[in-house]
Amino acid sequence: MISTMTGSVVIIGAGPAGLTVGNILRAAGIDCVILEAGSRAFIEQRPRAGVLEECVVRGLERRGLAADLLRHAVRQTTCEFRVEGERLRFDFGELTGQHHWVYPQPRLVTDLVAEYADVRGGEIVFGVADVELTGTDTADPQVSYTDAETGRRRLLRCDFVAGCDGAQGVTRHALPSRAGIARHDYGVGWLALLAEVPPSNDCAVFGLHPSGFAGHMARSATMTRYYLECLPDDDPADWSHRRVWAELQQRLAAQGAAPLAEGRLIEKRVLPMRNFVVRPMAYGRLFLAGDAAHLTAPIAAKGMNLALHDAFALGDALVGRLAGGDESALADYSARCLRRVWDYQEFSGWLSEVFHGPSSGDSHHAGTALSRLRRLFSSPTAAAAFAEQYLGITAGG
Ligand code: RFL
């Protein structure tokens, strides 16, 4: 079966990036179809990120995509470091006038799917398999896939392809071999945990400890994400309920901090801390966005934010081209996004040095890590620079 869609875009992947691109195109009346490997229920429930930068929220709001978020998200203006039994509270809100928004990724995805499919009339095909791209370096790109309902192959001819299929997707592999992939492996793992308990602090907590980093991040009034540094090849099965809570209590302990509220762990998986960046993010009529183009370990909580920054740029550029004949923003898309991507990669590396210093087994690294951290509380210039990166204020793009 062949469908020809003139003046149109095929978007692969219905994560935050793909759904945002789709919504922007639909708002401009441009035809598009989103092909998603999972089901609607699957993408609406998959627990992942939960922290959005102020500038991303404003970007969503400008495109009519933040109504529920603005009603329900919680604002945070402070983060807290716990080190050597001390609590160091960093008030980035006071420094910048901006804040973070806590809104679980599954809720955002639910909002974006509803707006795209139910309000803006966008087409989305769930359960696709064996997606293949051809002719992306010509004016006649084609995408084929196996339809879950009929089991038959379908072929779509379109004008542009948006590769928004995440870090495990296929679109990145359609780039020519000369496209470069820069990789970095931090050599540590994080045990990512989702606990059915209310947050135990009013803001994100980063615990620097000789046994390993630990993190606490609110997701909702009843759900908290925790992280424990571990070996990259650790088996989550070796982390019993008791062991997890004992390590969290120990690594996040500080004077004046109440013990953590403990509860059922509904997710427990080991994430190797590694990054990659695809350069360039575009080739011919194929444009990558989000994790498909760059993976940023959750050290700095930037992955979903970057995916949305890309999606704004790509959606707007495609509208400029398809509705107005203006090629310039598409031509600049990769270079523009990569400026922000590299800024966030650098910030992630900076934070990794700090978070993983005390547990590195290297007393020199431990010393410099603590020095970096303490400078945020003694130097207004260092504090301002950190706050800008934490909030994504000055990054290019
Ligand atoms: P997604 O969300 O992975 O969506 C890609 C979609 O593509 C589909 N797909 C395919 N569809 C068709 N054909 C194929 N061949 C396909 N292959 C894949 C997938 O089913 C999926 O629906 O990518 P996107 O849109 O680029 O969004 C990226 C974000 O999801 C990601 O960066 C964040 O979740 C990262 N992240 C965090 N980011 C933050 O900004 N703040 C955080 O606090 C934060 N915490 C996290 C995180 C990621 C985590 N994990 C599990 C990796 C915490 C965790 C634990």
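Here's a quick rundown of the structure. (Residues numbered from 1 in each chain as written. Predicted model: local features only at pLDDT ≥ 70, side-chain atom pairs only at ≥ 80, totals over all residues. Heavy atoms only, no water.)

What to know about the overall build of the protein
Logical step 1: Looking only at helices and strands, the protein has 11 helices and 21 strands in total.
Logical step 2: Radius of gyration (C-alpha) of the protein: 21 Å, near the 21 Å computed for a compact globule of 397 residues.
Logical step 3: Dimensions along the principal axes, computed over C-alpha positions, put the protein at roughly 65 × 45 × 45 Å.
Logical step 4: By residue count, 56% of the 397 residues in the protein fall in the buried class. (Helix = DSSP H or I, 4+ residues; strand = E, 2+ residues; numbered from the N terminus. Rg over C-alpha atoms; globule rule 2.2 N^0.38 Å. Buried < 20%, exposed > 50% of the residue type's maximum accessible area, 1.4 Å probe, protein only.)

Some thoughts on the site of the ligand
Logical step 1: Inspection of the region around the ligand gives 36 residues, with Ala17, Glu36, Gln105, Asp291 and Met304 positioned closest.
Logical step 2: Residue Ala17 places a main-chain N or O atom 2.9 Å away from an oxygen atom belonging to the ligand.
Logical step 3: Contact between the ligand and Ala301: an oxygen atom at 3.0 Å from a main-chain N or O atom of the residue.
Logical step 4: For the ligand, whose free accessible area comes to 1,000 Å², the fraction covered by protein is 91%.
Logical step 5: For the shell around the ligand, the secondary structure elements donating two or more residues are helix H1 (16-27), strand E3 (31-36), strand E17 (224-230), strand E18 (265-279) and helix H8 (303-324).
Logical step 6: Element by element, the count of residues in the shell around the ligand is highest for H8, at four residues. (Near = heavy atom within 4 Å. Polar contact = N/O pair within 3.5 Å; in protein donor to acceptor, adjacent residues only side chain to side chain. Areas by Shrake-Rupley, 256 points an atom, 1.4 Å probe, with all protein chains shown as cover.)

Description of H1
Logical step 1: With 12 residues, H1 extends 16 Å from end C-alpha to end C-alpha; this agrees with the ideal 16 Å at 1.5 Å per step.
Logical step 2: Here H1 lies mainly inside the structure; 11 of its 12 residues are buried.
Logical step 3: Within H1, the full set of buried residues consists of Pro16, Ala17, Gly18, Leu19, Thr20, Val21, Gly22, Asn23, Ile24, Leu25 and Arg26.
Logical step 4: Where the residues of H1 are buried, they touch strand E2 (8-12), E3, helix H3 (54-62), helix H6 (105-119), strand E9 (123-126) and H8.
Logical step 5: At the C-terminal side of H1, Gly29 shows a positive phi close to 75°. (Expected span 1.5 Å × (residues − 1). Contact = heavy atoms within 4.5 Å.)

What about the packing of aromatic side chains?
The description of an aromatic ring pair rests on the distance of the ring centres and on the angle between the ring planes.
Logical step 1: If you walk through the whole model with that rule in mind, you get 18 aromatic pairs.
Logical step 2: Consider the rings of Phe386 and Tyr390, whose centres lie 5.5 Å apart with planes at 20°: the pair is stacked. In this pair, Phe386 and Tyr390 both sit in helix H11 (residues 380-391), four residues apart, roughly one turn of the helix. Of the two residues, Phe386 and Tyr390, both sit in the buried class.
Logical step 3: In this structure, Arg285 packs its charged tip against the face of Phe160, placed 4.7 Å from the ring centre.
Logical step 4: One residue, Lys302, lies across the ring of Tyr344, its end atom 4.5 Å from the ring centre. (Phe/Tyr/Trp six-rings, centres within 6.5 Å; stacked < 30°, edge-to-face > 60°. Lys NZ or Arg CZ within 6 Å of the ring centre and 35° of its normal.)

What about the pairing of E18?
Logical step 1: Looking at chain direction, strand E14 (residues 180-195) and E18 are connected through 13 bridges and run antiparallel. Opposite His184, over in E18, you have Asn275 as the bridge partner.
Logical step 2: Sheet topology places E18 next to strand E21 (residues 294-295); two bridges connect them, and they run antiparallel. Across the sheet, Val277 pairs through a bridge with His294, a residue of E21. (Pairing = 2+ DSSP bridges.)

Some thoughts on the environment of Arg46
Logical step 1: With respect to the helices and strands, Arg46 occurs in the loop between helix H2 (40-45) and strand E4 (51-53).
Logical step 2: Along the sequence, Arg46 and Ala73 sit 27 residues apart, while their C-alpha atoms lie 18 Å from each other.

What about helix H7 (residues 241-251)?
Logical step 1: Among the residues of H7, those classed as buried are Val244, Trp245, Leu248 and Arg251. Taken down its axis, H7 places every buried residue within 140° of arc, on the same side.
Logical step 2: Considering only its buried residues, H7 is in contact with E14, strand E15 (204-208), strand E16 (214-218), E17 and E18. (Arc of directions from axis to C-beta.)

With respect to the pattern of salt bridges
Opposite charge on two side chains makes pairing possible when the charged atoms of those side chains draw close.
Logical step 1: Enumeration according to the criterion identifies 21 salt bridges in this entry.
Logical step 2: As a salt-bridge pair, Asp31 and Arg26 come within 4.0 Å of each other at their nearest N and O atoms.
Logical step 3: For Arg321, the salt bridge identified is with Glu327, shortest N-O distance 2.9 Å.
Logical step 4: Three or more residues joined by partner-sharing salt bridges are found here, namely Glu80, Arg82, Arg87, Arg89 and Asp202. (Salt bridge = Lys/Arg side-chain N within 4 Å of Asp/Glu carboxyl O.)

Points about the sheet that holds strand E8 (residues 100-102)
Logical step 1: The three strands lie next to each other as E4-E8-E5, forming an open sheet whose pairing is antiparallel. Whereas interior strands pair on both sides, the edge strands pair on one side only; in this sheet they are E4 and strand E5 (74-76). Between one strand and the next, the sheet's axes are offset by a mean angle of 35°, whatever the strand orientation.
Logical step 2: Here E4 runs beside E8; their pairing, made up of three bridges, is antiparallel. From the neighbouring strand, Glu53 faces E8, where its bridge partner is His100.
Logical step 3: Along the sheet face, H3 touches E4 and E8 and points at about 80° away from the line of E4. (Axes fitted to C-alpha atoms, helices over the stretch in contact; angles between N-to-C directions.)

Here's the deal with the side chain of Thr146
Logical step 1: Within the element layout of this structure, Thr146 appears in strand E11 (residues 142-146).
Logical step 2: If near-sequence neighbours (up to four positions away) are discounted, Thr146 is found in contact with Gly127, Val128, Ala129, Asp130, Gly151, Arg152 and Arg153.

What to know about the nonpolar core
Among soluble globular proteins, nonpolar side chains are generally buried collectively.
Logical step 1: Within the largest apolar cluster, 75 residues are counted, with the highest numbers of intra-cluster contacts made by Ile11, Leu25, Leu35, Leu52, Leu60, Leu69 and Leu314.
Logical step 2: It is H8 that contributes the most residues to this core, 11 residues altogether.
Logical step 3: Ignoring sequence-local partners within four residues, the contact set of Leu60 consists of Thr20, Leu65, Ala66, Leu69, Leu108, Leu308 and Phe312.
Logical step 4: Membership of the second largest hydrophobic core comes to 35 residues, among which are Tyr186, Ala297, Ile299 and Val354. (Core = buried A, V, L, I, M, F, W, Y, C linked by side-chain atoms within 4.5 Å.)

Points about unusual backbone geometry
Logical step 1: Of note, the bond from Arg279 into Pro280 is cis; its omega dihedral lies within 30 degrees of zero at -5°.
Logical step 2: Counting through the fold element by element, Pro280 comes out in the loop between E18 and strand E19 (282-283).
Logical step 3: Unusually for a residue other than glycine, Asp130 sits at a positive phi of about 50°.
Logical step 4: By the secondary structure assignment, Asp130 is in strand E10 (residues 129-134).
Logical step 5: Since its relative accessible area comes to 53%, Asp130 is described here as exposed.
Logical step 6: With a phi angle near 55°, Ala301 is a residue other than glycine that sits in the positive phi range.
Logical step 7: Following the sequence through the fold, Ala301 ends up in the loop between E21 and H8.

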